[in-house]
Amino acid sequence: MIDDKAYSLSNVELLSDLSSAELAELASEFQWENYALGTEIIKQGQEEHAFYILIKGKADIMIRKEGHRMRRVRSLSPGDTFGEFSLLNGKASASTILCLEECQVLTLDSEGFARMLLRWPKLYQMFIGRLTQNLNEANLTLSEANYKEILRSALQLNQYKDKFYGLWGGPRTTAEVERKLEELAQPKGHLLLTGERGTGRQMMAWYVHQRQSGTEAPFVVVDGRRFDQQWKDLIMEPASQEESSVVYNSNLFDIAEGGTLFIREINLISPHTQLKLARSINYQRNKCFIIGSLDSEPDDLERIIIPELRKCFAHTYEITPLRERKRDIPILAQGFLEKLAQKNQRNVPVLNQEATQLLLSHHYQQGNVSELIQVIERAFYIAEQDVIGLEQIFFGPTAEQNGHTINLLASPTLKGLLKKGVLIGWIRRAAAALFIGLVLLLLFNPQVAVSTKIFALVWGLWWPLLALISPFLGRLWCTVCPFSTIMDFVQKRVHMNRAIPEFVIKYDYILVSFLFLTIFWVEVITDMRFNPSYTAVLLISIQVCAIIIAVLYPRHTWCRHFCPLGGFIGTASVGSMLEVRADPSLCLNKCTTFECYVGTENVPGCPMSQHLPFLDNNLDCKLCFNCVRNCPNGSVQVNLRLAGREVWHLVRVNQGFAVFIGVMLGILVPLYYLASFQRIEVSTSWKVWFSLFYWGAGLTGGMLAWMIVKPFKTKAASLRVKLIFAFTPLVLAGHIMYQAAYIPGIRSLFLGIGYNAHSGLQSFYISATAIANGIALTFGLVLTGITIALVLLRTKEKRTARSKN
Ligand SMILES: Nc1ncnc2c1ncn2[C@@H]1O[C@H](COP(=O)(O)OP(=O)(O)OP(=O)(O)O)[C@@H](O)[C@H]1O
């Protein structure tokens, strides 16, 4: 019978490296089991586990998701294994195995499985590799978290040689680490490494091990987080060894014999197991060197690990957090870039001054050097030139979702539409064609433009509509904006793709504010709203500027850093009801290709240079949906949300746009009173007074906002920034009031509420403009008031929560 089993096992690919003697040894552990057609060998959710090899018959791996019918994931045929996943992670089975025919299997219980892995570590390694491959083919989404854990487990037998960058930092750090390495490599007793996550504790452990025992000696890594579930039984203590009902050929110290056993996050082992571990360490009689690591200050050690275990470690070494040795940052960053360039056979990119400064200003509390590596790797892969600037550095916490949203992509029709992008393409082309027709008409046949009321619609419909729709649809207009379509058309054919000057990135709010002020001023001074030819010249000028910028610089630099209209809609859309966001956990765990930023063969990357997991406000999102089309992981969502919520939840934003809001608010008074209503006769002196009043008010508004929000060194949105953004409804209301006055016929529209022959018509009729203004102003004031109150409440709530922690 054993021969039968050994013969069957010899046909299993996973075991093909074992000799006949070894197969015979292993076969004695396995049991035969038969299952009839339609039976379930394993049930999803089952707690007890065994390892199975299908010898005869066919079976399916089935998964039932909550509220759904059973779904087939994969078929199994003779030689395939199953059950191993649950054995390794100690969790309930994630799937059901259903027999499609009569099946014969060989099974191994959990203890036999553990013995097999210990007896043949190489098998374990192959096993993990095979399992990973199987998992890849199976339902990745469901198993992703477990999959990662297993890969981590697999690391214990992997060679660490090529894992680390082998850099330490600046000369001071390098000298200190080298000295410490020499010292620690002298075997005087076990070592405890303390330091925050990602400071390099593993790396230090590896290099200590390398110096002490050599690269080829075993370096076994186990994780304290899963020690109780996975490894507790593999440590021997003198008393329990004989008592134990399970006799193992080997234990953790045997596996690491002659090398190092590295126990990560040792403090996360339960106190009971810590005690067992302490006894085992003392009992193992220096079979291996032990390194423990934990995230703690050395002074806290007594509190978080039990004294018996603490005493096992003769010395401790604390690795300094990255933020306390900032001089290392540029050297590490450049070093990582060099390694990446070497690996990818590319030129070594250089970090420009601004990018370096940004890297230096960050605190790296999320993951120290690992966090820096992530930022640098991302920058390396998304950089299109050999210089890495601010545009390629994405930092800090990823975007978080606030409150309830409705993902519109849940609708297959809409998803299909956006994924194809054909409709948007046609709308863009149609808008561009209409725009060109309009400009030509204004330029060459202004009388027709006026008599057909087309001209009136330019000022009376286009602009008011923009102010009206952006609180709802955000920058959706920017996607179909003819300026950007024409600019895109030219850019595809002629482009220099120069790096965007840093002053443009840094001071874009000044450029946007200045252009905004200039356009409104020219409009009033030249009486452009009553002059088709001037209007055409303005539109052409804007288009020419957009084209020049598009030829010089990459993507939609114009829309992001220059366009006054884009700036206006962008600030209005911060609180809008539509957002495009990604699921950061999906992006960070699954994505290594950054298609949302880089683009794919057919669809360009984000025109606004956004990396989706870090996109957490609407200011720079044009809702072009390129990311929806590009993302291979389905991470992108198009959400409907509560209007305004982004303002009181604002985390990061280009703070300069608070200045722009100040400017927009400032000019409302001169625009409204002088331009809309007081313009009885446009004399030269009126123009002078208007100009003085207008520029004075605009600049004062901007300066005041600047003084309130300064200093804006980072992108973090302070309370003051949020408060200024809370004024957006008022700004919008003001601009709607100003623009609405140009809606064709509105000035001569009066609404009557009665007739009184004695007191005359006027007392009973009210102008439509006044009603519109009243409504807009009331909405503006009320919404601003509510937003300010919510900003204050939310800040208070956050402060209270922080002080409680
Ligand atoms: N001084 C350093 N020089 C170069 N690379 C470093 C340095 N410190 C850490 N790293 C790199 O940072 C990454 C994380 O390091 P490591 O895994 O050793 O951190 P850790 O403290 O053990 O934290 P974690 O438990 O999160 O892994 C590794 O890729 C490592 O190569």
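How each quantity is defined
Residues numbered from 1 in each chain as written. Predicted model: local features only at pLDDT ≥ 70, side-chain atom pairs only at ≥ 80, totals over all residues. Heavy atoms only, no water. UniProt positions renumbered as here; feature names shortened; annotations may be inferred. Helix = DSSP H or I, 4+ residues; strand = E, 2+ residues; numbered from the N terminus. Expected span 1.5 Å × (residues − 1). Buried < 20%, exposed > 50% of the residue type's maximum accessible area, 1.4 Å probe, protein only. Near = heavy atom within 4 Å. Polar contact = N/O pair within 3.5 Å; in protein donor to acceptor, adjacent residues only side chain to side chain. Areas by Shrake-Rupley, 256 points an atom, 1.4 Å probe, with all protein chains shown as cover. Nonpolar A, V, L, I, M, F, W, Y, C, P; charged D, E, K, R; others polar. Domains from an automatic or database assignment. 1 Å grid on protein atoms, 1.4 Å probe; cavity = no way out; pocket = protein on both sides within 12 Å on 5 of 7 lines; lining within 4 Å. Points joined across faces, edges and corners; volume = space filled by probe spheres on them. Salt bridge = Lys/Arg side-chain N within 4 Å of Asp/Glu carboxyl O. Core = buried A, V, L, I, M, F, W, Y, C linked by side-chain atoms within 4.5 Å. Contact = heavy atoms within 4.5 Å. Pairing = 2+ DSSP bridges. Axes fitted to C-alpha atoms, helices over the stretch in contact; angles between N-to-C directions. pLDDT = per-residue confidence, 0-100.

- The protein chain has the name Cyclic nucleotide-binding domain-containing protein in an unreviewed UniProt entry, where Desulfosporosinus nitroreducens is given as its organism.
- Among the UniProt annotations of the protein chain, the heading Subcellular location (unreviewed entry) holds the following wording: "Cell membrane".

**Considerations on helix H37 (residues 728-740)**
Helical geometry note: an α-helix holds 3.6 residues per turn, so side chains three or four residues apart project in the same direction.
Point 1. Its 13 residues place the ends of H37 18 Å apart at the C-alpha level, agreeing with the 18 Å of an ideal helix rising 1.5 Å per residue.
Point 2. The element H37 is extensively covered by neighbouring structure, given that 13 of its 13 residues are classed as buried.

**Concerning the site of the ligand**
Point 1. Around the ligand sit 19 residues, and of these Leu167, Gly198, Arg201, Met203 and Arg264 come closest.
Point 2. Here glycine 200 contributes a backbone N or O atom positioned 3.1 Å from an oxygen atom of the ligand.
Point 3. Computed on the free molecule, the ligand has an accessible area of 610 Å², of which 90% lies beneath the protein chains in the complex.
Point 4. Of all the secondary structure elements, the ones that give two or more residues to the shell around the ligand are helix H8 (201-213), helix H15 (328-344) and helix H17 (368-382).
Point 5. Taken together, the residues that form the shell around the ligand break down as nine nonpolar, five polar and five charged.
Point 6. In this structure, the shell around the ligand is formed jointly by two domains, domain 2 (159-320) and domain 3 (328-392), each of which donates at least three residues.

**Quick look at empty space enclosed by the protein**
To find the voids left in a structure, one rolls a probe of water-molecule size over its atoms.
Point 1. Scanning the entire structure with this criterion turns up nine cavities of 30 Å³ or more.
Point 2. Space inside the largest cavity adds up to approximately 250 Å³.
Point 3. Lining the largest cavity are 18 residues, and of these Trp463, Phe516, Ile519, Phe520 and Leu565 sit closest to its centre.
Point 4. Elements represented by at least two residues in the lining of the largest cavity include exactly helix H21 (454-473), helix H25 (508-525), helix H26 (532-552), helix H28 (564-573) and H37.
Point 5. Of the residues forming the lining of the largest cavity, the biggest block, four residues, is contributed by H25.

**Side note on the UniProt feature "transmembrane region" (unreviewed entry) in the protein chain**
Point 1. With numbering aligned to this structure, UniProt lists the feature "transmembrane region" (unreviewed entry) at residues 430-449, 461-483, 504-522, 534-553, 657-676, 688-709, 721-744 and 764-793.
Point 2. In the segment residues 461-483, helix accounts for 87% and strand for 0%; the C-alpha atoms at its two ends are 17 Å apart.
Point 3. Secondary structure across residues 721-744 comprises 75% helix and 0% strand; the distance between its end C-alpha atoms is 37 Å.

**Some thoughts on the pattern of salt bridges**
Point 1. A complete count under the given rule lists 22 salt bridges for this structure.
Point 2. Note that aspartate 620 and arginine 560 form a salt bridge whose closest N and O atoms lie 3.5 Å from each other. Residue aspartate 620 is located in the loop between helix H30 (595-598) and helix H31 (626-630), and its partner arginine 560 is located in helix H27 (residues 557-562); the two are separated by 60 residues in the primary sequence.
Point 3. Given the relative accessible area of 12%, aspartate 620 is considered buried.
Point 4. Residues glutamate 797 and arginine 794 are paired through a salt bridge, measuring 3.6 Å at the closest nitrogen-oxygen approach. Residue glutamate 797 and its partner arginine 794 are both found in helix H38 (residues 768-804); the two are separated by three residues, about one turn of the helix.
Point 5. When salt bridges with common partners are traced through the structure, they connect Glu176, Arg179, Lys180 and Glu183 into a single cluster.

**Quick word on the nonpolar core**
Point 1. Ranked by size, the top nonpolar core spans 89 residues in total, and within it Trp462, Trp558 and Phe725 carry the most contacts.
Point 2. Counting residues per element, this core draws most heavily on H25, which supplies eight residues.
Point 3. For this core, the two domains that each supply at least three residues are domain 4 (406-646) and domain 5 (719-804).
Point 4. If sequence neighbours within four positions are ignored, tryptophan 462 has contacts with Phe435, Leu438, Leu457, Trp477 and Leu539.
Point 5. Counting 25 residues, the second largest nonpolar core, distinct from the first, contains Leu192, Leu277, Ile281 and Ile305.

**Examining unusual backbone geometry**
Point 1. The backbone of lysine 453 shows a phi angle near 65°, a positive value even though the residue is not glycine.
Point 2. By the element assignment, lysine 453 lies in the loop between helix H20 (446-451) and H21.
Point 3. For phenylalanine 625, which is not glycine, the phi torsion reads 65° and is therefore positive.
Point 4. Looking at the element boundaries, phenylalanine 625 is found in the loop between H30 and H31.

**Some points on the sheet that holds strand S12 (residues 289-294)**
Point 1. Across the sheet, which stays open at both edges, the five strands sit in the order S10-S11-S12-S9-S13 with parallel pairing between neighbours. Each having just a single partner strand, strand S10 (219-223) and strand S13 (313-318) make up the two edges of the open sheet. Neighbour to neighbour, the strand axes of the sheet diverge by 20° on average, direction disregarded.

**Observations concerning the confidence of the model for the protein chain**
Point 1. Looking at the protein chain, pLDDT values average 85 and 89% of them are 70 or higher.
Point 2. Of the regions scoring below 50 in pLDDT, residues 139-145 engages in 11 contacts with residues more than four places distant in sequence or in other chains.
Point 3. Scored below 50 in pLDDT, residues 147-157 makes 24 contacts in the model with residues more than four places away or belonging to other chains.

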